[in-house]
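Structure at a glance
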Amino acid sequence: MAPTQQERTTELLRRLADVPRPWHARFVCALALARPDGETTYHRGEAVGEIIPEWRGEAGFGYDPVFLVPAVGKTFGEMPSAEKHLYSHRAAAVRALVASGDLSRLLGSSGGGAVR
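This is a predicted model, so every value here is computed, not measured.

Quick look at the nonpolar core
Grouped burial of nonpolar side chains is what soluble globular proteins tend to show. Membership of the largest hydrophobic core is limited to twelve residues, which are Leu13, Leu16, Trp23, Ala25, Phe27, Ala47, Ile51, Val66, Phe67, Val69, Phe76 and Met79. Broken down by secondary-structure element, the contributors of at least two residues to this core are α1 (5-16), β1 (23-34), β2 (40-51) and β3 (67-69). Top element by residues in this core is β1. It accounts for three residues. Not counting chain neighbours up to four residues away, the residues in contact with Ala47 comprise Ala25, Arg26, Phe27, Phe67, Phe76, Tyr87, Ser88 and His89.

Okay, here's the thing in C-alpha cells:
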C-alpha cells in the first residue's frame, strides 16, 4: 500500500533532520496550452518558501502544513483557500497563462468569449 501524506511528510522531515536550516523549498507548476492549430504555449508558476519542522494548520493537502511562505509567516496549511491562491504555484501559472492572452485568443477564436 502507498504511504499516506502524513507518512511522506514525516519521512521528509526525518531526512532533513540533520541538514542545517533554513530548508529552502519551492513548488513549481507548469501549464501547457495546446491550440487546435498545433501551437503550444507554456506557462510556469512558483511558490518559494521553506520547509519547517512542525506541522502548522489543517487546510490544504500534501506538504501544505510544513511549507512556510516567509512573506506572510504562514504555512499553506494555515491559509484559507483565497489567501493561498495569492501565493500558490498553481495560481501563479494560471495568472501567467491569463496574462499572456493565449487563453483569451483561443477562446475568442473558438466562439467561447474572452477570459476576464
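Notes on helix α3 (residues 89-100)
Here α3 is twelve residues long and its end C-alpha atoms lie 17 Å apart, about the 16 Å a rise of 1.5 Å per residue gives. The complete set of buried residues in α3 reads His89, Ala91, Ala92, Ala93 and Leu97. Among the residues trailing α3, Gly101 stands out with phi positive, at a value near 85°.

Cut-offs applied
- Residues numbered from 1 in each chain as written.
- Predicted model: local features only at pLDDT ≥ 70, side-chain atom pairs only at ≥ 80, totals over all residues.
- Heavy atoms only, no water.
- Core = buried A, V, L, I, M, F, W, Y, C linked by side-chain atoms within 4.5 Å.
- Buried < 20%, exposed > 50% of the residue type's maximum accessible area, 1.4 Å probe, protein only.
- Helix = DSSP H or I, 4+ residues; strand = E, 2+ residues; numbered from the N terminus.
- Contact = heavy atoms within 4.5 Å.
- Expected span 1.5 Å × (residues − 1).

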